[in-house]
Amino acid sequence: MTNFFQFEADFVDSLRCIPMQVRMKLDTCGIKLKLSHWHQFNQQERQQLVEIPCTTTESIQKYADYVQHLVINYTGKPASNLPVDPQAPWMNSQVIPSTVAEKAMELGVVVTTQQWAELTPIQRFALIKLTRPSHENKNFLPALKEFQLVFVNR
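Residues numbered from 1 in each chain as written. Predicted model: local features only at pLDDT ≥ 70, side-chain atom pairs only at ≥ 80, totals over all residues. Heavy atoms only, no water.

Asks: Mind showing me how you'd approach the overall build of the protein chain here?
Replies: Along the protein chain, the regular secondary structure elements total eight helices and two strands. Across the protein chain, helices and strands are ordered from the amino to the carboxyl terminus as α-β-α-α-α-β-α-α-α-α. Relative to its length of 154 residues, the protein chain is compact, with a C-alpha radius of gyration of 16 Å against a globular reference of 15 Å. Counting all 154 residues of the protein chain, 43% fall into the buried class. Pairs at least 24 apart in sequence give 59% of the contacts found in the protein chain among residues at least 6 apart. (Helix = DSSP H or I, 4+ residues; strand = E, 2+ residues; numbered from the N terminus. Rg over C-alpha atoms; globule rule 2.2 N^0.38 Å. Buried < 20%, exposed > 50% of the residue type's maximum accessible area, 1.4 Å probe, protein only. Contact = heavy atoms within 4.5 Å.)

Asks: What exactly am I supposed to notice about helix 5 (residues 98–106) here?
Replies: Note on helix geometry: an α-helix contains 3.6 residues per turn, so any two residues three or four positions apart are oriented the same way. What helix 5 keeps buried is the set Val100, Lys103 and Ala104. Down the axis of helix 5, the buried set is contained in an arc of 100°. They therefore lie on one face. In helix 5, those exposed residues whose orientation departs by more than 90 degrees from the buried face are Met105 and Glu106. Residues of helix 5 that are buried sit in contact with helix 6 (113–118), helix 7 (121–129) and helix 8 (140–146). (Arc of directions from axis to C-beta.)

Asks: Mind showing me how you'd approach the layout of surface pockets here?
Replies: Considered as a void within the structure, the largest pocket measures approximately 510 Å³ in volume. Looking at the lining of the largest pocket, the elements that each hand over two or more residues are helix 1 (20–29) and strand 1 (31–32). For the lining of the largest pocket, the leading source of residues is helix 1, giving three residues. The residue makeup of the lining of the largest pocket, split by class, is 11 nonpolar, two polar and seven charged. (1 Å grid on protein atoms, 1.4 Å probe; cavity = no way out; pocket = protein on both sides within 12 Å on 5 of 7 lines; lining within 4 Å. Points joined across faces, edges and corners; volume = space filled by probe spheres on them. Nonpolar A, V, L, I, M, F, W, Y, C, P; charged D, E, K, R; others polar.)

Asks: Can you walk me through the packing of helix 1 against helix 3 (residues 43–51) in this structure?
Replies: If you want to describe how two helices pack, look at the angle between their axes and the distance between the axes. Axis separation between helix 1 and helix 3 bottoms out at 8 Å; the angle between their running directions is 70°. In terms of axis orientation, helix 1 runs roughly perpendicular to helix 3. Between helix 1 and helix 3 the crossing geometry is left-handed. Between helix 1 and helix 3, the contacting residues are Gln21, Val22 and Lys25 on the first element and Leu49, Val50 and Glu51 on the second. (Axes fitted to C-alpha atoms, helices over the stretch in contact; angles between N-to-C directions. Parallel < 35°, antiparallel > 145°, perpendicular 65-115°, else oblique. Left-handed = near helix turned anticlockwise from the far one by under 90°.)

Asks: I tried to follow the packing of aromatic side chains on my own but got confused; where do I start?
Replies: Two descriptors summarise a pair of aromatic rings, namely the distance from one centre to the other and the angle between the planes of the rings. Per the stated rule, a full pass over the model turns up six aromatic pairs. An angle of 65° between the planes, with centres 5.2 Å apart, marks the rings of Phe5 and Phe147 as edge-to-face. Of this pair, Phe5 sits in the segment before helix 1 while Phe147 sits in the segment after helix 8, placing them 142 residues apart in sequence. Each of the two residues, Phe5 as well as Phe147, counts as buried. Consider the rings of Phe41 and Tyr74, whose centres lie 5.7 Å apart with planes at 45°: the pair is tilted. (Phe/Tyr/Trp six-rings, centres within 6.5 Å; stacked < 30°, edge-to-face > 60°.)

So this is what it looks like as structure tokens:
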């Protein structure tokens, strides 16, 4: 999974921000990686975090170990752990999280259950992340357009 979203195009060449696919892996393995940590990693280390798989129990643990190794190497202490949701909402293709539905409605967009089901887990993850209050939401509409959930020029 090394494809980036179009809405990430302004930073993926340099990997100056944490791309969605890495954010999903971090949520999967339960690590809170700060942007300040990410900025300390060199380009090769960032690219490895993009490329290393994080899908099986074994690969999830290896990914977590590698992230913690990097953070400890640069900061002297491990990154914070996050609880891992065994029922991650982006894996549920049948239920649209209220945050996504509400944010879409603010923009005059209705995401149907069928549309939600047709999205990939990483697309659902991105939409969920882009609706969190702590996240910059300017990419929510571009993501809706990229995922073909809205066709109107806005």
